[in-house]
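Here is how the chains run, residue by residue.
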Amino acid sequence: MCGIVGYVGKNKNAMKVLMDGLQCLEYRGYDSAGIAILQNETIEIIKSKGKVSSLSHKLKAKGIVESELGIAHTRWATHGIPNEINSHPHRQGSVTLVHNGIIENYTQLKADLVLQGYSFTSDTDSEVACGVIDSLYKQYRDKHKTLQQANAMFRGSFAFAIVFDDDIKTLYAMRRNSPLIVAFKEDEIYVASDVPAILKYTNKYTLLEQDEYAVLTKHEVEIYSLQGTRREYEIKTAAMEVVDIQKEGFDHFMLKEIHEEPKVVSETMRFYLGDGISDLMSRLPDLSIYKELYMIGCGSAMYACMVAKSLIESKARIKVELEVASEFRYKNPILTKETLVIVVSQSGETADTLASLQLAKENNVDTLAIVNVVGSSIAREAKYVCYTLAGPEIAVATTKAYCTQVALLSLIGLSFSVIYQKVSKKEIEEIINEIKNIENTLSNVVNDGQYEVAAKIISKFSNVFFIGRGIDYALCMEASLKLKEISYIHSEAYPAGELKHGTISLVEKGTPVIAIITQQNILEKMISNMKEVKARGASIIVIASEDLEVDLDIFDYRITIPKSNSYLQAITAIVPLQLLSYQVAMLKGCDIDQPRNLAKSVTVE
Ligand code: F6R
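Residues numbered from 1 in each chain as written. Predicted model: local features only at pLDDT ≥ 70, side-chain atom pairs only at ≥ 80, totals over all residues. Heavy atoms only, no water.

1. A look at the side chain of Asp 366
Positionally, Asp 366 belongs in strand S19 (residues 366-371). At a separation of 2.4 Å, a polar atom in the side chain of Asp 366 contacts the side chain of Tyr 290. Asp 366 has contacts with Ile 289, Tyr 290, Thr 339, Leu 340, Val 341, Lys 383 and Tyr 384, leaving out every residue within four places of it along the chain. (Helix = DSSP H or I, 4+ residues; strand = E, 2+ residues; numbered from the N terminus. Polar contact = N/O pair within 3.5 Å; in protein donor to acceptor, adjacent residues only side chain to side chain. Contact = heavy atoms within 4.5 Å.)

Okay, structure coming up:
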């Protein structure tokens, strides 16, 4: 959600670093982009509506030359429409900044600044933040005091990169509830929203902690607490490499990431499973003390929790409450010492999920975070953390990270079944053998071409329904989200028995209804539900496991998936649904990796 990059260095590399950084960060927002760069001893600002490429053209036309300092931003609009005026960097008085996050009390702060004589051109909270910093600096003439006081005045979330006119060789950075890293190369210092932005230049970095600020020159990095105490920092080495954030011959990151699923799911499962159940138990927190789970996330992460709830309740027979993070955070939840709160997040920065975690902690219950990004805020705040090993995910729509979330949650489900003696030794053996082969199984699904015909049927309609029961309904929710977010086709997921209680009135001649069936015990019921919509003209696409017989006259097209143990079936079943959405979006010519209005890593409420 908005990307920030900044550079100060002796090699006068600012333009290249900023533009490369913005390209890498574009998945965080792509409404508009801008840079502020040191040119002839003054800070010049160039902004453009639209993607980073349109900023690039503008910079070329203006003949901006290399420089030793600059800050840049790619925006996902929160306050004010995506236009050039609202895009960053913003400037007030002698201060120029880029901002990620939301200053919640900006209206009040703005009114105070107007009384002081400030005027504003944009609708953004960020320009107000800039005014606050400028006004405080006029008062204190001390940058440390200014930043400390500004931090105290801001409510909400922020990551800033700031330049003061009277100190144009220094970058200032400050954060709360939005991530910011500082990265190092000899006599070159970078600040960025995340590691991929600077990976082309260096893999050495450190994280700014909550409410810290940093003073960065080409020779030195100083990190301070809010109280102004300077601290030592540890330089970390990023595990990812430049190839991890390139398309490597695929048309889209989304397709590349789906093709990585066999490997990353297998790696995640084998990492936790090791040599068997005792390794699995030792690599997870002691789950035997919990009698109830809360599972919390947003979007796909929440749908991964929904799969897990279905699995854990039906198999291990322990109660799981499922919560959307943006709802949970404002509840007064009933949590006991025997409750484990599991929060799930790819980015580890999602504002609502982070707030839910904090609420759980305030209630003194144990928390476990399932996170993909190492060292992210959620990973650092939770009592326990288990990482999914999906690697960097660039496409805005999650695929491989979701799959690894489901995979890891399935292993957690299996552990509960072992603890509560609900799974036999024989079944455990079967599951372990399947996991050993899961890379192969998923590779076959990924490389299957069954989806194109179904995609053609779906792409001609503007309304689609997914139906399923139990765990298949949870898969329908994720499949439906994937289809609507990247192809812009309206789609709804329904428990198969529920459609006739109202929504079936929307089914007309040809309306695609996609039925997911992976369980023998509900096959007959699903067949009845498919017949109900078929009788009303629907085109039925059935996605069923290979062991299930469905008569040819019931469906228009069938996609068959391998039969897996019920602990693993959701993982194999989701892959065709992701590929189906991808194919539909391709047929419709959509911007698959960066769908309209969206951004990855939602760090605002
Ligand atoms: C959908 C998607 C989103 C995310 C959600 C949570 O394809 O990617 O629904 O799953 O924004 O994000 P994380 O997992 O980073 O907390």
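2. Describing the sheet that holds strand S13 (residues 221-224)
The antiparallel open sheet is built from 7 strands, whose spatial order is S5-S6-S7-S8-S12-S13-S14. The open sheet terminates on both sides in strands that have one partner only, identified here as strand S5 (90-92) and strand S14 (230-231). Sheet topology note: the strand S7 (residues 156-164)/strand S8 (residues 171-176) ladder contains 4 bridges and is antiparallel. Pairing of Ala 161 across the sheet is with Ala 173, part of S8. Taken strand by strand, helix H4 (residues 125-140) contacts S5, strand S6 (95-103) and S7, and its axis lies near 130 degrees from that of S6. (Pairing = 2+ DSSP bridges. Axes fitted to C-alpha atoms, helices over the stretch in contact; angles between N-to-C directions.)

3. Here's the deal with the packing of H4 against helix H5 (residues 143-153)
Viewed as axis vectors pointing N to C, H4 and H5 meet at an angle of 135 degrees, and their least axial separation amounts to 9 Å. Accordingly, the angle class assigned to the pair H4 and H5 is oblique. In this structure, H4 meets H5 at a crossing whose hand is right-handed. Across from Val 132, Ile 133, Leu 136, Tyr 137 and Tyr 140 in H4, the residues of H5 making contact are Lys 143, Lys 145, Thr 146, Gln 149, Ala 150 and Met 153. Looking at the contact of H4 with H5, its residues break down into 7 nonpolar, 2 polar and 2 charged. (Parallel < 35°, antiparallel > 145°, perpendicular 65-115°, else oblique. Left-handed = near helix turned anticlockwise from the far one by under 90°. Nonpolar A, V, L, I, M, F, W, Y, C, P; charged D, E, K, R; others polar.)

4. Points about the site of the ligand
In the neighbourhood of the ligand, 14 residues make up the surrounding shell, with Ser 345, Gln 346, Ser 347, Thr 350 and Glu 485 lying closest. In this structure, Thr 350 approaches the ligand through a side-chain N or O atom, which is 2.5 Å from an oxygen atom. Out of a free accessible area of 410 Å², the ligand has 87% covered by protein chains. Looking at the shell around the ligand, the elements that each hand over two or more residues are helix H9 (299-315) and helix H17 (471-487). Among the residues making up the shell around the ligand, the classes are represented as 5 nonpolar, 7 polar and 2 charged. Three or more residues apiece are contributed to the shell around the ligand by two domains, here domain 2 (247-447) and domain 3 (448-589). (Near = heavy atom within 4 Å. Areas by Shrake-Rupley, 256 points an atom, 1.4 Å probe, with all protein chains shown as cover. Domains from an automatic or database assignment.)

5. With respect to the environment of Val 265
Tracing the chain through its elements places Val 265 in helix H7 (residues 261-273). On the basis of relative accessible area, Val 265 is assigned to the buried category, the value being 0%. Taking the C-alpha atoms as reference points, Val 265 and Val 221, separated by 44 residues in sequence, lie 38 Å from one another. With near-sequence residues (within four places) excluded, Val 265 lies in contact with Cys 403, Thr 404, Ala 407, Ile 438, Leu 442 and Ile 571. (Buried < 20%, exposed > 50% of the residue type's maximum accessible area, 1.4 Å probe, protein only.)

6. A closer look at the environment of Val 418
Within the secondary structure, Val 418 is located in helix H13 (residues 400-419). In sequence terms Val 418 and Ser 288 are 130 residues apart; their C-alpha atoms lie 9.6 Å from each other. The residues touching Val 418, leaving out its near neighbours within four places in the chain, are Ile 277, Met 281, Val 423 and Ile 428.

7. With respect to the sheet that holds strand S18 (residues 339-345)
Taken together, the 5 strands give an open sheet; going across it, the order is S17-S16-S18-S19-S20, and neighbouring strands pair in parallel fashion. Where the open sheet ends on each side, the last strands, each with one partner, are strand S17 (319-324) and strand S20 (384-387). Sheet twist, expressed as the average angle between the axes of neighbouring strands with direction ignored, equals 20 degrees. Pairing analysis gives 4 bridges linking S19 to S20, with the strands arranged parallel. Note that in S20 the partner of Ala 369 across the bridge is Val 385.

8. A look at the packing of aromatic side chains
In total, this model carries 11 aromatic pairs according to the counting rule given. Geometrically, the ring pair formed by Phe 154 and Phe 158 is edge-to-face, given 5.7 Å between the ring centres and 70 degrees between the ring planes. Neither Phe 154 nor Phe 158 differs from the other in exposure class; each is buried. Residues Phe 164 and Tyr 172 carry aromatic rings whose centres are separated by 5.1 Å and whose planes lie at 85 degrees to one another, so their mutual orientation is edge-to-face. (Phe/Tyr/Trp six-rings, centres within 6.5 Å; stacked < 30°, edge-to-face > 60°.)

9. Focus: the pattern of salt bridges
Following the criterion strictly, the structure yields 38 salt bridges and no others. A salt bridge links Asp 20 to Lys 16; its shortest N-O distance comes to 3.4 Å. Within this pair, Asp 20 and its partner Lys 16 are both found in helix H1 (residues 14-25), separated by 4 residues, close to a single helical turn. Put simply, Lys 143 and Asp 166 hold a salt bridge, and the shortest N to O gap is 3.2 Å. With Lys 143 in helix H5 and Asp 166 in the loop between S7 and S8, this pair connects stretches of sequence that are 23 residues apart. (Salt bridge = Lys/Arg side-chain N within 4 Å of Asp/Glu carboxyl O.)

10. Considerations on the packing of H9 against H13
H13 packs onto H9 with a crossing angle of 25 degrees between their chain directions and a minimal axis gap of 9 Å. With respect to their mutual orientation, H9 and H13 come out roughly parallel. The hand of the H9/H13 crossing is right-handed. Touching Ser 300, Ala 301, Tyr 303, Ala 304, Cys 305, Val 307, Ala 308, Leu 311, Ile 312 and Lys 315 of H9 are Tyr 402, Gln 405, Val 406, Leu 409, Ser 410, Gly 413 and Ser 417, all from H13. A breakdown of the residues in the contact of H9 with H13 according to their chemical character gives 11 nonpolar, 5 polar and 1 charged.

Just distances and angles here, no functional claims.
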